[in-house]
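Here is how the chains run, residue by residue.
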Amino acid sequence: MSAALPWTPDAFATEVERRSDGCMILKPLASIAPYPPRLTDKLVEWAQRTPDATLVARHNRDGDGEWQRVSYAQMLSHVQRIAAGLATYNLSADKPIIILSGNSIEHLTLSLAAMWIGVPYCPVSPAYSLVAQDFQKLEYIFKLLTPGLVVAFETEKFSRAIHSVVPADCIVVGDTRIKGRNVMAMDELQQEPSSVLESLHAATGADTIAKFLLTSGSTGAPKAVITTQRMICANAVMVRQSMPFLAETPAVLVDWLPWNHTFGGTHNVSVALFNGGSLYIDDGKPTPAGMKETIRNLREISPTVYFNVPKGYEMLVHAMREDAALRHSFYKNLHAYFFAAASMSQHTWDELDALSMQELGFKLPMLSGLGATETGPSVTFTTPAASRAGVIGLPAAGNVVKLAPVGDKLEMRARGDNVTPGYWRSPELTAAAFDDEGFYKLGDAVRLIDPVDPTRGLRFDGRIAEDFKLATGTWVSVGPLRAELLLAFAPYLQDVVIAGLDRDYLTILMIPDVAACVSAVLREASCGYDELVNNLKLRELLRERLVAHALRHASSSTCVLRAMLLPSPPKLDIGEITDKGSINQRAVLKHRADCVEMLYQDSPPEHVIVI
């Protein structure tokens, strides 16, 4: 049994054009609904309609222990006053704002103020300042964007990066002073709105650049994706049409996803703001330490829709098994959950179904889709009836999708108001990203659920750039194989990295789910990563799983003959893992080439599992 929610059977009705060159064009029958030219127009609308409703809140754990809330009316006033101050500086697309720090009320206020006067901003992963061993990526970003103003709340944490990278003549806005550098408090920016402010705001429109979003840069320098007001607003209305319950009641989000990524910063912020909802900033994240904060927040605030990445759901499932209070609070008002950024393992999905049955008496809809930073981000969505592991659904209203043959796969390409005009100051990269019909090439492979009837939907088939050939010439499809392996090793692995390019057989590097492994083999509360990866009992357990998988998958393109645990955790500052917890296959293979060589030695070390 599942919840009765307002999806109609033809919600994603699609017409299909098959071409002689093997391409297919998938076009939704429904048109995209009208949308405003600017996201800030929705701030004005809700400030008038529901002025006292909470737009954003953040828990003050270190202060009075209460949620600090900002209403729509308060936010509009703050945004206009900050925008008036920003307007007195020489800021523009050529001299934008860079925000070094993470999600916060101040971050949202300043970003909306920048949008108000048409000044682009760029949220940068805090890890580039706080975790990175050097500042190469940060230096490249500053050279590419040439900012006129830099923002870093909790400024002291960012002092090393500010001194190393931020030009001396660049304004720094923050909340604490740092030695040897003038730092302006955000309140000092505030000025009374004037006719100049009105003129600047009136000059903005759908094609105004709202922000630059950075690609990960794991295989090269980061690219700055131009994100316009049209992209943001088109995506927001696509999401509402794809999740019709958003129009019925104001959404409540409890969300940790970083705003330097499109999922958190464009998709989720817009779900709240566009629909008159409330965004409760979750300072937790899916790590053993960070999850404690997420759980505490979810006990206090009951979301109406929940967005996360698969790793986050895995950890949430673990917490809800024995915590009735958490389970009740989480499901009390929930209409649906949604995941993106990686594939959800079936065992996690099954456990969520079981938990919702236990708490609600029916299976709560789990939704998903596929998109990219360059597509604002949404392209396809699932419905409850079509949603299952690996399925990405059909194009949302406003998107036209092309399935183009690339080798023996179909690459998904997209065209619509939500698609970027290109990469900032990178005309060659922009030209290469689009085909001759103006479709953006996502680099994601998909296949039809039903080869005869494309309207049944699409299934994710891996990243085209990740697939490779064995020495025999046999193609290895990394995405589907990865999903199979994670199911075979569940719940002990967070991810696997598949090796075998130009080799005779497949091998894998395994990234352990530390909590699950410790529980299985040590029966202790915690242990170090080094102790875990050298544990003989764990190694034998993983060997048994590998043998069982090999017996079921005898083909050279799916049979893995050797494996080893990654000797140290994947590193964020070299792109092996993102701050959302996603593993980059190519980056790990590049930086752990010595581990790959061990896997293929004639006499491998004892920590290599051989079958």
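Note: the structure precedes this text.
Here is a short report on the structure shown in this document.

What counts and what doesn't
- Every chain is numbered on its own, with residues counted from 1 as its sequence reads.
- Note on the predicted model: pLDDT of at least 70 is required for a residue's local features to be given, and 80 or more for side-chain atom pairs to be given and counted; whole-chain, interface and lining totals, by contrast, use all residues.
- Excluding hydrogens and water, the side-chain values take into account all heavy atoms of the structure.
- Where helices and strands are cited, they refer to DSSP runs of H or I of at least four residues and of E of at least two residues respectively, numbered from the N terminus.
- Just to be clear, the radius of gyration here is over C-alpha atoms, and the globule rule we use is 2.2 Å times residues to the power 0.38.
- Should any heavy atoms of two residues lie within 4.5 Å, those residues are considered in contact.
- His residues and chain termini do not enter the charge count, which takes Lys and Arg as positive and Asp and Glu as negative.
- Just so you know, the charge point we use is NZ for Lys, CZ for Arg, CG for Asp and CD for Glu.
- Two strands are said to pair when DSSP picks up at least two bridges between them.
- Pairs of N or O atoms are called polar contacts if they sit within 3.5 Å, as long as, within protein, a hydrogen donor faces a hydrogen acceptor (for residues adjacent in sequence, only side-chain-to-side-chain pairs).
- For every element, the axis is a line fit to its C-alpha atoms; helices are fit only across the contacting stretch, and the angle between N-to-C directions ranges from 0 to 180 degrees.
- For every residue, the accessible area obtained with a 1.4 Å probe (protein chains only) is divided by the maximum for its type, and the residue is called buried under 20%, exposed over 50%, and partly exposed between those limits.
- For salt bridges, the criterion is a side-chain nitrogen of Lys or Arg within 4 Å of an Asp or Glu carboxyl oxygen.

## Comments concerning the overall build of the protein chain
For the protein chain, the helix and strand inventory stands at 20 helices and 29 strands. Scaling as 2.2 N^0.38, a compact globule of 611 residues should have a C-alpha radius of gyration of about 25 Å, and the protein chain matches this with 24 Å. Each principal axis of the C-alpha atoms in the protein chain carries an extent, and together these give about 75 × 60 × 55 Å. Residue pairs in contact within the protein chain that sit at least 24 positions apart in sequence constitute 65% of those at least 6 positions apart. Charge-centre separation for the protein chain: the mean point of 57 positive side chains lies 1 Å from the mean point of 67 negative side chains.

## Section: the environment of Ile301
Along the chain, the position of Ile301 falls in the loop between helix H10 (290-300) and strand S14 (305-308). Taking C-alpha positions, Ile301 is 8.7 Å from Leu253, a pair spaced 48 residues apart along the chain.

## Thoughts on the sheet that holds strand S28 (residues 560-565)
Sheet strands line up and pair through hydrogen bonds in the backbone, either parallel or antiparallel. Across the sheet, which stays open at both edges, the 4 strands sit in the order S26-S27-S28-S29 with mixed pairing between neighbours. Among the strands making up the open sheet, the edge pair consists of strand S26 (493-499) and strand S29 (609-610). Pairing geometry for S28 and S29, over 2 bridges, is antiparallel. Bridging from a neighbouring strand, Ala563 pairs with Ile609 of S29.

## A look at the environment of Arg299
With respect to the helices and strands, Arg299 occurs in helix H10. Sequence-wise, Arg299 and His328 are 29 residues apart; in three dimensions their C-alpha atoms are separated by 8.4 Å. Contact partners of Arg299, with chain neighbours within four places excluded, come to Asp323, Leu326 and Ser329. In this structure the side chain of Arg299 is engaged in a polar contact, spanning 2.3 Å, whose partner is the side chain of Asp323.

## A short note on the sheet that holds strand S22 (residues 440-448)
Overall, antiparallel pairing links the 9 strands, which are arranged S1-S2-S20-S21-S22-S23-S19-S18-S17 in an open sheet. What marks the edges here is a single partner per strand, and that holds for strand S1 (14-18) and strand S17 (369-371). Strand after strand, the sheet turns through a mean of 40° between neighbouring axes, direction not considered. One ladder, built from 5 bridges, connects S1 with strand S2 (residues 24-28); its direction is antiparallel. By the bridge assignment for S2, Thr14 is matched with Pro28. Contacts between helix H8 (residues 229-242) and the sheet are confined to strand S18 (378-381) and strand S20 (399-406), with S18 contributing the most and set at about 5° to the helix.

## With respect to the side chain of Asp513
Relative to the helices and strands, Asp513 resides in the loop between strand S27 (506-512) and helix H16 (514-521). By relative accessible area, Asp513 is classed as buried at 10%. Within polar-contact distance, the side chain of Asp513 engages the backbone nitrogen of Ala516 at 3.1 Å. Leave out the neighbours within four places in its chain, and Asp513 touches Lys311, Glu314, Pro491, Tyr492, Leu493 and Gln494.

## Let's talk about the pattern of salt bridges
Proximity of charged atoms lets side chains of opposite charge pair with each other. Here the structure, examined in full by the defined rule, presents 29 salt bridges. Lys311 serves as the salt-bridge partner of Glu314, at 3.9 Å between the closest nitrogen and oxygen. With Glu314 and Lys311 both in helix H11 (residues 310-320) and 3 residues apart, the pair spans about one turn of that helix. The exposure classification of Glu314 matches that of Lys311, with both residues buried.

## As for unusual backbone geometry
A cis amide bond links Gly376 to the next residue, Pro377, at an omega of 0°. In this structure, Thr146 is a non-glycine residue whose phi angle is positive, near 45°. Tracing the backbone through its elements, the reader meets Thr146 in the loop between helix H5 (136-145) and strand S7 (149-152). The exposure class assigned to Thr146 is partly exposed, which follows from its relative accessible area of 33%.

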